[in-house]
Amino acid sequence: MELKEKIYSINKEASLYYSQGMYEEALGKYRTLLKLISAYKGIKNREDLQSKIREKIGAINKKLDYYDSEGVYTQVSSEKKEIIKKLFADVKDDPEYKKFEEALTLAKFGQFSDSVKEMTPFLKNDKLKTEAARNIIKCFEAMDQVDKIISMVSNWKDENIFSEKEARQLVESSKASVLSAEVEEDPVESDFINEPKDTESFSPEIMEIDSVGIKLTGSGGVDAEPVELDVSFQTGNHLSLIISSKEKRIIDNLDVGVKLSDMCFYSPIAVFKSTGIVLSKHQISSGPKKGDWCLDIEIKNPT
Amino acid sequence: MAVFNIQTREIECKIVFYGPGRGGKTTNLEYIHKTFRKNITGDLVSIDTQGDRTLFFDFLPIGLGKIKGCDVKVQLFTVPGQPQYASTRKLVLKGADGIVFVADSLKVQRKNNILSLQDLHDNLKDYGKSIFRVPLVLQYNKRDLIKEGFPVLEVDTLEKDLNKQLKVPSFPASAIKGDGVGQALKKCLELTLQHLQKELNWAG
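On a predicted model such as this, the values are computed, not experimentally measured, just so you know.

### Remarks on the environment of Ile15(B)
Residue and element names in this part refer to chain B.
Working step 1: Checked against the element boundaries, Ile15 lands in strand β2 (residues 10-18).
Working step 2: Each C-alpha atom, one on Ile15 and one on Phe77, is 6.3 Å from the other, the two residues being 62 residues apart in sequence.
Working step 3: Those residues in contact with Ile15, other than ones at most four positions away along the chain, are Val74, Gln75, Leu76, Phe77, Gly98, Val100, Cys188, Leu189 and Thr192.

If you want it as structure tokens, here you go:
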């Protein structure tokens, strides 16, 4: 191919990629073109051409910088937020839960401030307050405002929305756990929040476990959705959990044989992470817990 | 996930246009919106764009009218194609009843086509669905660029790259000109409604 044709062909290709928004590809072609032109000193208007190509490269770099600086999520208009909620929030019969799902959906689409705003009233709802709190914390994490989490959780504790233990657990499950000393009132309890350094010494077989944190999968969220469940009975590394029949999403997610790859175990002396497996699941047929579900979990490989 | 209202004999399903970034998914919806006016039941909504890149999704509701006594409504969505929007892409894919995979015929997009199809496979798997069972068609977009002398992949190459195992219907297309857009959508709807008939038995 003649040099002139070659230059024309590369330039055409670069222009196409640019026009289609394929900036990386356009950049590659313009750079090839610049090298090619620089290598042939006999080209007419060589310096002009080089200058024009450099201008184009500069413009593309600016565009790429702009896209990089914009981040993954941008704030959308109120009208579009309503469309997102309408199209993606799971429709529930219970209007209150519908509102909750809408707030959750906003977070999934990166509308973190609005999600926090709409999620906050649910801190007064006993059934949903823990899930609401976790989502508010996640939003602050996503907005890189981890430092606010500590004071926020502390306020929730002062306002009696959460107990001391609940507040600690909320912080522990967040990125803010590294800053959690401020939440602590009793310095002796600091191990409670921070992960043990020597995990070998925390054998689940000898520890009493109060509650477990499980990340549910398949619930449709971006991330696995953590839930916290109280332990009703423990023998060694076998735990029994009672789950209310109302918690259908949890029950449906935890079938016999399901491996729980990311579990948190809360004991009076430490918090540790491990994996687990669902050994059995049955519905309680009599007594005050009739209709609720009993789940047996075996703890595996504490880390 | 399709919603079938037995009382009103109304069925609503979701078709998702999936594929690599800059491949022409939004252009597909724009062409459908512009061309199939009598089927359009609402505005084409884009949420949100950065320049001309889709950041969240595009949405277009259409109506197919009565099919076997049922009023069939379809929601068309596009996903954001760029790799960094993986979580949004997965959210938009949730509940899809049928998929149009828009592959880019440009040679420079060969790897991105394959990665995007793999991404679709992984996301469907996470939702408990198999790419081999979901109603799916492939659209090889930007075929018009051959005439203009741009480096474009042969259809055979695209077939080998993307459809060797899937063996689903595929359509050469030019979304900007409208070629192949209607055919791909029609086939996808046909497969989707057949699939839903098996699942929901909506046509009785």
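### A short note on the packing of aromatic side chains
Working step 1: Tallied over the entire structure, the rule returns 14 aromatic pairs over all chains.
Working step 2: Ring centres 5.8 Å apart and planes at 70 degrees place the aromatic pair Phe109(A) and Phe57(B) in the edge-to-face group. Taken together, the positions of Phe109(A) in the loop between α5 (95-108) and α6 (112-119) and Phe57(B) in strand β4 (residues 53-67) put the pair across two chains. Across the pair, exposure class does not vary: Phe109(A) and Phe57(B) are buried alike.
Working step 3: The interplanar angle of 85 degrees and the centroid separation of 6.5 Å between the aromatic rings of Tyr31(B) and Phe36(B) together place this pair among those described as edge-to-face.
Working step 4: The ring of Phe150(B) has Lys12(A) lying over it, and the distance from NZ or CZ to the ring centre is 4.9 Å.
Working step 5: For the cation-ring pair, Lys14(B) lies above Phe77(B), with the distance from its terminal atom to the ring centre recorded as 4.7 Å.

### Some words on the pattern of salt bridges
All names here are of chain A.
Working step 1: A complete count under the given rule lists 18 salt bridges over all chains for this structure.
Working step 2: A salt bridge links Glu164 to Arg168, with the shortest nitrogen-to-oxygen separation between them at 3.4 Å. A residue pair is termed a helical-turn pair when its members lie 3 or 4 positions apart in one helix, as Glu164 and Arg168 do in helix α9 (residues 164-172) at four residues.
Working step 3: Note on Arg168: relative accessible area 6%, which makes it buried.

### A few points about the nonpolar core
Working step 1: Judged by nonpolar contacts, the single largest core of 35 residues is most densely connected at Phe57(B), Ile99(B), Phe101(B), Leu120(B) and Leu136(B).
Working step 2: Setting aside anything within four residues of it in sequence, one finds Phe57(B) in contact with Ile84(A), Leu87(A), Phe88(A), Phe109(A), Val45(B), Ser46(B), Ile47(B), Asp48(B), Phe77(B), Thr78(B) and Val92(B).

### Focus: the interface of chain B and chain A
A common way to express how large an interface is: the accessible area buried when the components associate.
Working step 1: Listed as interface residues are 33 residues of chain B and, on the opposing side, 31 residues of chain A.
Working step 2: Approximately 2,700 Å² of surface area, both sides summed, lies buried where chain B meets chain A, with 64% of it carried by carbon and sulfur atoms.
Working step 3: If you sort the residues of chain B by the area they bury against chain A, Gln50(B), Phe56(B) and Leu91(B) come out on top, with a joint share of 21%.
Working step 4: Scanning the region where chain B abuts chain A turns up zero salt bridges.
Working step 5: Across the chain B-chain A interface, the total number found is four residue pairs in polar contact (both at pLDDT 80 or more).
Working step 6: Contributions of two or more residues to the side of chain B that touches chain A are made by β3 (45-50), β4, β5 (70-78) and α2 (86-93) of chain B.

### Thoughts on the pairing of β3(B)
Every other side chain in a regular strand lies on the same face of the sheet, so the side chains alternate between the two faces.
Residues and elements named next belong to chain B.
Working step 1: Note: β3 against β4, five bridges, orientation antiparallel. Across the sheet, Ser46 pairs through a bridge with Asp58, a residue of β4.
Working step 2: Hairpin connection, β3 to β4: the antiparallel pair is bridged by two residues, and Gly51 has positive phi, about 70 degrees.

### Considering the packing of helix α7 (residues 129-142) of chain A against helix α8 (residues 146-158) of chain A
Residues and elements named next belong to chain A.
Working step 1: At a minimum axis separation of 8 Å, α7 and α8 run at an interaxial angle of 155 degrees. Here α7 is positioned roughly antiparallel relative to α8, judged by the angle of their axes. Regarding α7 and α8, the two cross each other, and that crossing is right-handed. Residue-level contacts link Ala133, Ile136, Ile137, Phe140 and Glu141 of α7 to Val146, Lys148, Ile149, Met152, Val153 and Trp156 of α8.
Working step 2: Partitioning the contact of α7 with α8 into residue classes produces nine nonpolar, no polar and two charged.

### Notes on the side chain of Ser116(B)
All names here are of chain B.
Working step 1: Relative to the elements of secondary structure, Ser116 occurs in helix α3 (residues 110-126).
Working step 2: Ser116 sits in the buried class, given a relative accessible area of 8%.
Working step 3: Excluding its chain neighbours within four sequence positions, the residues that come into contact with Ser116 are Tyr18, Gly19, Pro20 and Phe101.

### Section: the packing of helix α4 (residues 78-88) of chain A against α5(A)
All names here are of chain A.
Working step 1: One can describe the packing of α4 onto α5 by two numbers: an axis separation of 9 Å at closest approach and a directional angle of 115 degrees. As far as their axial angle goes, α5 and α4 are roughly perpendicular. As for how α4 packs across α5, the hand of that crossing is right-handed. Counting all contacts with α4, which are made through Lys81, Ile84, Lys85 and Phe88, the residues of α5 involved are Glu102, Thr105 and Leu106.

Reading the values: the criteria
- Residues numbered from 1 in each chain as written.
- Chains lettered and ligands numbered in written order.
- Predicted model: local features only at pLDDT ≥ 70, side-chain atom pairs only at ≥ 80, totals over all residues.
- Heavy atoms only, no water.
- Helix = DSSP H or I, 4+ residues; strand = E, 2+ residues; numbered from the N terminus.
- Contact = heavy atoms within 4.5 Å.
- Phe/Tyr/Trp six-rings, centres within 6.5 Å; stacked < 30°, edge-to-face > 60°.
- Buried < 20%, exposed > 50% of the residue type's maximum accessible area, 1.4 Å probe, protein only.
- Lys NZ or Arg CZ within 6 Å of the ring centre and 35° of its normal.
- Salt bridge = Lys/Arg side-chain N within 4 Å of Asp/Glu carboxyl O.
- Core = buried A, V, L, I, M, F, W, Y, C linked by side-chain atoms within 4.5 Å.
- Buried area = accessible area lost by both parts, 1.4 Å probe.
- Polar contact = N/O pair within 3.5 Å; in protein donor to acceptor, adjacent residues only side chain to side chain.
- Pairing = 2+ DSSP bridges.
- Axes fitted to C-alpha atoms, helices over the stretch in contact; angles between N-to-C directions.
- Parallel < 35°, antiparallel > 145°, perpendicular 65-115°, else oblique.
- Left-handed = near helix turned anticlockwise from the far one by under 90°.
- Nonpolar A, V, L, I, M, F, W, Y, C, P; charged D, E, K, R; others polar.

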